[in-house]
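# Descriptive structure summary
As a plain string of letters, each chain reads:
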Amino acid sequence: ARPAGNRAEDLRAVAPRVRTRWGIEGTVSVCGGQEMAERRPNARLGILGGISILGTTGIVKPYSTAAWRASVVQGIQVAATLDHGVVALTTGGRTETFAMQTLRAERPGLPAACFVQMGDFLRYALDEVVAQGLREVVLGVMVGKLTKIAQGETITHANRNVVDTDLVAEIARQIGATDEDCAAIAAAETARFGAELMVERGLGPAFHQALAQRAIDTLTAPERYGHAFA
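Calculation notes
- Residues numbered from 1 in each chain as written.
- Predicted model: local features only at pLDDT ≥ 70, side-chain atom pairs only at ≥ 80, totals over all residues.
- Heavy atoms only, no water.
- Phe/Tyr/Trp six-rings, centres within 6.5 Å; stacked < 30°, edge-to-face > 60°.
- Helix = DSSP H or I, 4+ residues; strand = E, 2+ residues; numbered from the N terminus.
- Buried < 20%, exposed > 50% of the residue type's maximum accessible area, 1.4 Å probe, protein only.
- Lys NZ or Arg CZ within 6 Å of the ring centre and 35° of its normal.
- Contact = heavy atoms within 4.5 Å.
- Axes fitted to C-alpha atoms, helices over the stretch in contact; angles between N-to-C directions.
- Parallel < 35°, antiparallel > 145°, perpendicular 65-115°, else oblique.
- Nonpolar A, V, L, I, M, F, W, Y, C, P; charged D, E, K, R; others polar.

A few words now on the packing of aromatic side chains. With the rule as written, the count across this model stands at 3 aromatic pairs. Ring geometry for W68 versus F121: centroids 5.7 Å apart, planes at 80°, classification edge-to-face. A residue pair is termed long-range when its members are at least 10 positions apart, and W68 in helix α3 (residues 65–80) and F121 in the loop between β2 (115–117) and α5 (122–131) qualify at 53 residues. Residue class for W68 comes out partly exposed when judged on its relative accessible area of 35%. For F121, a relative accessible area of 9% puts it in the buried group. The structure contains a cluster of three or more aromatic residues connected by ring pairs, namely W68, F121 and Y124. For R69, the ring lying beneath its charged end belongs to Y124, and the centroid distance is 4.8 Å. We note R123 situated over the ring of Y124; from NZ or CZ to the ring centre the distance is 4.7 Å.

Here it is in structure tokens:
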């Protein structure tokens, strides 16, 4: 039977009378839960067929960095159980959207569980990728965080590390930027300034490719992850 009115109060009133004689079997469900789950990252955390029920509201807010790190690790563990052999690590919604569009153009049907928003926790994410034996990793990051990765930082939060604009200028010089532009890039406060200036000069693709390669070289150095990735 399904009590009317306030169901929680009705169950508390009825339960003591029936549980000792017949027992009670209950099912907790959410109307439209399967459809709702499609708009949430539940599947990426191994929650299939509906949404998770947590606390009194069903909503969890990761107030602590530890909770966020744990969700990143769990997301990678779920990605590792799939047969695709790849995980895309992104820093947020915009980078994830771009990574999905790019990868799915090459691999139609790649599930959302293969995409993990690592935020600023690069080291925790890559350590777990190695632990899970995933060889193919795609990074979706903005130019500022990409520069921090290239300069060897493992936590890319703005409050933890400063962008090395001298490195940005060095990359610009490598692809043929003028001394004047390189000086302006080195004196700037953000890596984005240098990236946008290179785009204006028609050197955008070369700049981003060179910066990405520097980040790859940094991550695959012998003292870092070496040959862990394909």
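Text resumes after the structure shown.
Bringing the side chain of T165 into the picture now. As for its position among the elements, T165 is in helix α7 (residues 165–174). In this structure, T165 is in contact with I185, A186, A188, E189 and T190, ignoring residues within four places of it in sequence.

Between helix α9 (residues 191–200) and helix α10 (residues 204–219), the shortest axis-to-axis distance is 7 Å and the interhelical angle comes to 140°. One way to sum up the angle between α9 and α10 is to call them oblique. In this structure, α9 contributes A195, M198 and V199 to the contact, and α10 contributes G204, F207 and H208. Residues that form the contact of α9 with α10 fall into these classes: 4 nonpolar, 2 polar and no charged.

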